[in-house]
Amino acid sequence: MVNTSYNHPIGTTSNILYSNSMQILSIETSCDETAVSIIEALGDFPNAKYEVISDALFSQIETHREYGGVFPALAKREHIATILPMLEKALKDSKLEPSFTPTLTEKEVTHVHELLSREHGLADQLINFHNTYGKPPIDMIAVTSGPGLEPALWVGINFAKALAYLWNVKVVPVDHMEGHILASVFDGHKLSSLTFPSLALLVSGGHTELILMEDWGQYKKIGQTRDDAVGEAFDKVARMLDLPYPGGPEISRLAQKAREENLPSFSELPRPMINSKDLDFSFSGLKTAVLYTTKDKVLTEADKKALARDFEDAVVEVLIKKISKAIEDHFIESFVIGGGVSANTRLREAILSLDRSTTFPRLKVHLPDTKLSTDNSIMIALAGHAKINDALDAKTFTNTVKAEGNRSL
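Residues numbered from 1 in each chain as written. Predicted model: local features only at pLDDT ≥ 70, side-chain atom pairs only at ≥ 80, totals over all residues. Heavy atoms only, no water.

A. Structural view of the pattern of salt bridges. Overall, the coordinates contain 25 salt bridges when judged by the stated rule. For the salt bridge of Arg77 with Glu78, the shortest nitrogen-to-oxygen distance reads 3.1 Å. A salt bridge links Asp278 to Lys322, with the nearest nitrogen and oxygen atoms 3.6 Å apart. Here Lys322 lies in helix H10 (residues 301-330) and Asp278 lies in the loop between helix H8 (247-260) and helix H9 (284-294), a separation of 44 residues in the sequence. (Salt bridge = Lys/Arg side-chain N within 4 Å of Asp/Glu carboxyl O. Helix = DSSP H or I, 4+ residues; strand = E, 2+ residues; numbered from the N terminus.)

Right under this line is the structure:
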């Protein structure tokens, strides 16, 4: 049985407000999306009811497109420029009524400047906004602390430090990948029930991991890429085919056309580590095979379509083989997938075939809505609520939390 439901219209304002509820403001800046959301939670994790009050997101895709990938320093600059406008939009859309806040003292102004000393110009903008807007009724802040691009992560973390200080609320640092896991079981109002043990495949530009979950919040990595992440491989192959960034959707688009046109195979590509006894992956050799098969050749549009399909089929075949082995080895009851590559149509179709397979009759598959496949702050709010007991006061958060670019669940 598969669950792909997500019914909340992202970015709209809800009129449902619960008594004794918690308002969570979440911040996501791990890569090239700047996102701020306000979520209302009623009850305890994982049985709470959630309402997406507002959601603001700015994508940097157009900024990075000409470079064929994300440049950390450029990403940081864009986060600094857009994080306050995203906060303003989230608060405006939420219709939450702020309380009056006296003008900040000189000491408070100095401290905000210290907290945002690496984000040039942001302190003055935030102080002006605070003096004008006041303090919103936010109970807790959740912010991505890793993994991701460290310069980008620091913008969100330092912004959360300043907000926590100004608003006198607690902050919880969130693992970005846990957010992707929870997004896969979120229907817009609640989390689906998971039967354990559960298996998560996390696939993005920086990650290809198999995570075993014995219960909520209990994670054990049982497989990972030994070189390129699958999303990274998609982007690199796309550049070889002279396709625009981001490469994953372009590869998928051409691959689908090749299937519709029933084009013959361009090249017999390898399936690295498909029969290895472990649950690890390797995509560097596959990427290199594409490089060699295209070397010194002028590719026609039909060639590009066929090669995109050959590459995508190889990737999906390896992923499904490893997923199946993990399900068998660990007696998995449910499966979830998260990360940007989870939006890939071919991969989703293959995973749905597992759900219908007589080999795994008890398996329940959870696919995230494609709106929540890529980076977003809704998933950060969910992960923050899951870690509510780890929330820190502003001073402790400031003194202890750092960006962890290579952190792991």
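Anyway, onward from the coordinates.
B. Summary view of the sheet that holds strand S5 (residues 140-146). In space, the five strands of this open sheet follow the order S4-S3-S2-S5-S6, with mixed pairing throughout. Among the strands making up the open sheet, the edge pair consists of strand S4 (49-59) and strand S6 (170-175). The sheet shows a mean angle of 20° between the axes of neighbouring strands, direction not considered. In this sheet, S5 lies alongside strand S2 (residues 22-28) in parallel orientation, the contact comprising four bridges. Note on S5: the bridge partner recorded for Ile27 is Val143. On top of the sheet, helix H5 (residues 150-167) reaches S2, S5 and S6; it is set at about 160° to S5, its chief contact. (Pairing = 2+ DSSP bridges. Axes fitted to C-alpha atoms, helices over the stretch in contact; angles between N-to-C directions. Contact = heavy atoms within 4.5 Å.)

C. Representation of helix H12 (residues 378-386) in the model. Among the nine residues that make up H12, eight are buried, leaving the element largely enclosed by the rest of the structure. All buried positions along H12 are accounted for by Ile378, Met379, Ile380, Ala381, Leu382, Ala383, Gly384 and His385. Residues of H12 that are buried make contact with S2, strand S3 (33-42), S4, S5, S6 and helix H6 (176-183). (Buried < 20%, exposed > 50% of the residue type's maximum accessible area, 1.4 Å probe, protein only.)

D. The packing of aromatic side chains, seen in detail. As enumerated under the stated definition, the model contains seven aromatic pairs in all. An angle of 15° between the planes, with centres 5.1 Å apart, marks the rings of Phe129 and Tyr133 as stacked. With Phe129 and Tyr133 both in helix H4 (residues 122-133), this residue pair falls four residues apart, about one helical turn. A relative accessible area of 13% means that Phe129 is categorised as buried. When the ring of Phe234 is compared with that of Phe311, the centres are 5.1 Å apart and the planes differ by 80°; the resulting orientation is edge-to-face. Pair noted here: Phe234 is in helix H7 (residues 230-240) and Phe311 is in helix H10, with a separation of 77 residues, a long-range link. Given a relative accessible area of 3%, Phe234 falls into the buried group. When its relative accessible area of 0% is taken as the criterion, Phe311 is described as buried. The ring centre of Trp154 lies 4.3 Å from the NZ or CZ of Arg118, which sits over that ring. (Phe/Tyr/Trp six-rings, centres within 6.5 Å; stacked < 30°, edge-to-face > 60°. Lys NZ or Arg CZ within 6 Å of the ring centre and 35° of its normal.)

E. Structural context of the pairing of S4. In this structure, S3 lies alongside S4, joined through ten bridges in antiparallel fashion. When the sheet's bridge partners are listed, Leu42 is paired in S4 with Lys49. In this structure, the hairpin formed by S3 and S4 is closed by a connection of six residues, where Gly43 is found at a positive phi of approximately 105°.

F. Representation of the packing of H6 against H12 in the model. It is at 8 Å that the axes of H6 and H12 come closest, and there the two elements cross at 100°. Here H12 runs roughly perpendicular to H6, going by the angle between their axes. Contacts between H6 and H12 involve His176, Glu178, Gly179, His180, Leu182 and Ala183 from the former and Met379, Ile380, Leu382, Ala383 and Ala386 from the latter. Its residues assigned to classes, the contact of H6 with H12 comprises seven nonpolar, three polar and one charged. (Parallel < 35°, antiparallel > 145°, perpendicular 65-115°, else oblique. Nonpolar A, V, L, I, M, F, W, Y, C, P; charged D, E, K, R; others polar.)

G. The environment of Ile157, seen in detail. Tracing the chain through its elements places Ile157 in helix H5. By relative accessible area, which is 0% here, Ile157 ends up buried. As for Ile157 and Thr144, which are separated by 13 residues in sequence, their C-alpha atoms are 7.2 Å apart. What Ile157 contacts, discounting residues up to four positions off in sequence, is Val143, Thr144, Ser145, Phe397, Val401, Lys402 and Ala403.

Just geometry here; none of it tells us what the structure is for.
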